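# Commentary on secondary and tertiary structure
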Amino acid sequence: MTLEDFLNVIASSKPTDWHATLLPTFMYRIVPIRSAGGGTADLEMQEHTSTLTFVRDIRFGLAWGLISDKNYNEDWVQKLPNKRAQAVVLDFLYNGALVFRDQLVAVDGWRCILPQPINEDGPPYNVPERRVRIAKLVHQLVGPETNFDAYFKRVGMQPVNRPWPT
């Protein structure tokens, strides 16, 4: 199986094809907290908040929720009422092994989970179609009960027929 095949299975799946498990995920990292003097003041444990198992083939999995940027800031985020956004790690797993990692963006105070566009200048902000489908799937599985398509359009994103990942 290639990465292309793997991502196509996930992108073509439906939310009902997945089973979500919430904390603890046992997938964490230890991050030093810096002191004012530049040394390490303490350590913080950060972890994914959920794992997702593809019920039609349990070798496929996703891990979601590890925050990589607490202060994500791009122009397209400014179109939302709440300007706070965070980049969040999405790990793609096969037989429990990490095979790919991407970042999605929790926007508008975590009211929607959106993909990152491939261009910085816009609108329109272009997002490869497969990345859109996967972001929408994650939003439907772990996000709030908001309309992904409405947010996607509101910030000026559009799906494009481009390979992803490149």
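Structure: above.
Residues numbered from 1 in each chain as written. Predicted model: local features only at pLDDT ≥ 70, side-chain atom pairs only at ≥ 80, totals over all residues. Heavy atoms only, no water.

Helix and strand counts for the protein come out as three helices and ten strands. Along the protein, helices and strands appear, N-terminal first, in the series α-β-β-β-β-β-β-β-β-β-α-α-β. Its C-alpha atoms give the protein principal-axis dimensions of roughly 50 × 40 × 30 Å. Taken over 166 residues, the protein has a buried fraction of 42%. Sequence-distant contacts, at least 24 apart, represent 58% of the contacts inside the protein between residues at least 6 apart. Of the roughly 9,000 Å² of accessible surface on the protein, a fraction of 50% belongs to carbon and sulfur atoms. Of the charged side chains in the protein, 18 are positive and 18 negative, and the gap between their average positions amounts to 3 Å. (Helix = DSSP H or I, 4+ residues; strand = E, 2+ residues; numbered from the N terminus. Buried < 20%, exposed > 50% of the residue type's maximum accessible area, 1.4 Å probe, protein only. Contact = heavy atoms within 4.5 Å. Areas by Shrake-Rupley, 256 points an atom, 1.4 Å probe, with all protein chains shown as cover. Lys, Arg positive; Asp, Glu negative; His and termini not counted. Charge placed at Lys NZ, Arg CZ, Asp CG, Glu CD.)

A word on helix H1 (residues 3-11). For H1, the set of buried residues is Phe6, Leu7, Ile10 and Ala11. Projected onto a plane normal to the axis of H1, the buried residues spread over an arc of 130° and lie on a single side. (Arc of directions from axis to C-beta.)

Attention now moves to the nonpolar core. In this structure, Ile10, Trp76, Phe92, Val107 and Leu114 are the most contacted members of the largest nonpolar core, which totals 41 residues. In contact with Leu114, other than residues within four places in its own chain, are Trp76, Leu104, Val105, Val107, Ala135, Phe148, Tyr151, Phe152, Val155 and Met157. (Core = buried A, V, L, I, M, F, W, Y, C linked by side-chain atoms within 4.5 Å.)

Bringing the environment of Ser35 into the picture now. Following the sequence through the fold, Ser35 ends up in the loop between strand E2 (28-34) and strand E3 (40-47). Taking the relative accessible area as the measure of exposure, Ser35 reaches 30% and is therefore partly exposed. Distance from Ser35 to Leu66, taken between C-alpha atoms, is 23 Å for residues 31 residues apart in sequence. When sequence neighbours within four positions are dropped, the list of residues in contact with Ser35 reads Thr40 and Ala41.

As enumerated under the stated definition, the model contains seven salt bridges in all. For Asp91, the salt bridge is made with Arg101, and the minimal N-O distance between the two is 2.5 Å. One end of the pair, Asp91, is in strand E6 (residues 86-94); the other, Arg101, is in strand E7 (residues 97-107), with ten residues separating them in the sequence. Residue classification places Asp91 among the buried positions, given a relative accessible area of 3%. A residue is classified by how much of its surface remains accessible, and Arg101, at 45% relative accessible area, is partly exposed. Linking Asp149 and Lys136 is a salt bridge whose minimum nitrogen-to-oxygen distance equals 3.0 Å. (Salt bridge = Lys/Arg side-chain N within 4 Å of Asp/Glu carboxyl O.)

Structural measurements only, silent on function.
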